[in-house]
Every structure is written in C-alpha cells, then in structure tokens.
Amino acid sequence: MSKRNKDIKMTIFIMVAGIGLIVAGVIGIVTSRIDSREYKSSTDIRKISATIVDFSTQDDKDDSGDVRYRTYKFKVSYVIDGKTYKGKYEERVWSSSSSYTKKYTYDKLRKGDTIDVEVYKTSKGDYKLSPEGSPVDFLLYCAAIPVGLFFVVIMICDIAKDNRKKKSENEMISKE
C-alpha cells in the first residue's frame, strides 16, 4: 500500500473520530439536560429495592498507586406496579475512614442481591433511575465538542494543503 493511501485512510479515520466526538458531546449534553429537567419536574420520586443483574468495579488511583476511590457499576432490575424496568446505577466510594462500612457493604454484593436506588416517574409514565450525572460528566461532554472540532479542522487543513501541493506540482509539470 502506498504512503499516499495510508495518509488518506488516516485522515479519514481522524475526521470520523472527530465527528464522532462532536456527535457524542452534543448527544451527552442534550440527554443529560433532558433527564435532569424531567427528574426535577417529576411528581413521583421514591427509593426502592432493585435486584443486581450484573456489576463491576473500577479503581481510581493517585500518582503513587494508592486507590483514591472505587466506582461500583451495577446493572439493576426493579419492579414498579407489576412492570419490570432495567437500568444502570453507579456508586463512588472514597478511600477514607468514613467510607469503610460502605465499601465493605458494596464489596460483599453479588448478582441477585438487592440495593436501594432512587427512581422517578417520567412524563411518559415510565420509571427511570435518578440521573447520576455529575458536573464532571457534563464538562466532558462539553469538552468533546471542541476536541472533535479541532480534529476535523486540522484534517480539512491537511487535505487542502495536499490539494494545493498537487496543483502546484501539476502546474510545474505542465510548464515544462
């Protein structure tokens, strides 16, 4: 494969990745705002028991390798008024002495166990888990848009530069 074909494929890949970041950022912002607005206007917010369908953990470590906090990610199932709903629930437990009992409790959980979650009634009459989005998530969605835009603009400039270079080479050949 020629160097030119590899360059074209890489340019297209980076442009698609940039466009993907822009789209993901916009979708993230819009859905988080809709969920937040719908939660605030809900007439039915309650705590219920949900069954753990699947779970995983993820540790966040500092520069020295010590765990700062552990994120517990649960896929849960819950029943309200005879209807079964599914959702994703996250809980972050910091590595401080005040969180030891919470960490110990979450570490013992397995598939089939129950945890308490907060749900709200949507405008369509269904129930959803309360939005867990943090301000950091919202900032990441916002940051994805300019980063994606940067990639797209750089690749467009790269394509334009290649086209100018080709055009000037063709003009030199035709003058000879």
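The coordinates are above.
It should be emphasised that the depicted structure is a prediction, and the values quoted were computed from it without experimental measurement.

A. Main features of the sheet that holds strand S2 (residues 67-80). Within the open sheet, the 5 strands sit side by side as S3-S2-S1-S4-S5. Their pairing is antiparallel. The sheet is open, and its two edges are formed by strand S3 (83-94) and strand S5 (127-129), each paired on a single side. Taken pair by pair, the neighbouring strands of this sheet meet at an average axis angle of 40 degrees, ignoring direction. Packed onto the sheet, helix H1 (residues 3-40) meets strand S1 (45-61), strand S4 (114-121) and S5 and runs at close to 85 degrees relative to S4.

B. The arrangement of the pattern of salt bridges in detail. Under the defined criterion, the tally for this structure stands at 10 salt bridges. Arg-68 is the salt-bridge partner of Asp-60, the closest N and O atoms lying 2.8 Å from each other. Looking at Asp-60, the relative accessible area reads 23%, which means it is partly exposed.

C. Just the nonpolar core, in detail. Counting 18 residues, the largest nonpolar core has Phe-74, Tyr-78, Ile-115, Val-117 and Val-119 as its most contacted members. Counting only elements with at least two residues in this core, the list comes to S1, S2, S3, S4 and S5. Among the elements that line this core, the one with the most residues is S2, at 5 residues. Setting aside residues no more than four positions away along its own chain, Ile-115 makes contact with Ile-48, Ser-49, Ala-50, Ile-52, Phe-74, Val-76, Tyr-89 and Leu-109.

D. Just the environment of Asp-116, in detail. By the element assignment, Asp-116 lies in strand S4. With a relative accessible area of 51%, Asp-116 lands in the exposed category. Separated by 11 residues in the primary sequence, Asp-116 and Thr-105 place their C-alpha atoms 12 Å from one another. Those residues in contact with Asp-116, other than ones at most four positions away along the chain, are Ile-48, Ser-49 and Tyr-89. A distance of 3.3 Å separates a polar atom in the side chain of Asp-116 from a polar atom in the side chain of Ser-49.

E. Here's a closer look at the side chain of Ser-130. Within the secondary structure, Ser-130 is located in the loop between S5 and helix H3 (135-175). Separated by 2.9 Å, the side chains of Ser-130 and Glu-118 make a polar contact. Among residues more than four places away in sequence, those in contact with Ser-130 are Tyr-39, Glu-118, Val-119 and Tyr-120.

So, how was this worked out
Residues numbered from 1 in each chain as written. Predicted model: local features only at pLDDT ≥ 70, side-chain atom pairs only at ≥ 80, totals over all residues. Heavy atoms only, no water. Pairing = 2+ DSSP bridges. Helix = DSSP H or I, 4+ residues; strand = E, 2+ residues; numbered from the N terminus. Axes fitted to C-alpha atoms, helices over the stretch in contact; angles between N-to-C directions. Contact = heavy atoms within 4.5 Å. Salt bridge = Lys/Arg side-chain N within 4 Å of Asp/Glu carboxyl O. Buried < 20%, exposed > 50% of the residue type's maximum accessible area, 1.4 Å probe, protein only. Core = buried A, V, L, I, M, F, W, Y, C linked by side-chain atoms within 4.5 Å. Polar contact = N/O pair within 3.5 Å; in protein donor to acceptor, adjacent residues only side chain to side chain.

Such coordinate-based values are descriptive only and should not be taken to indicate function.
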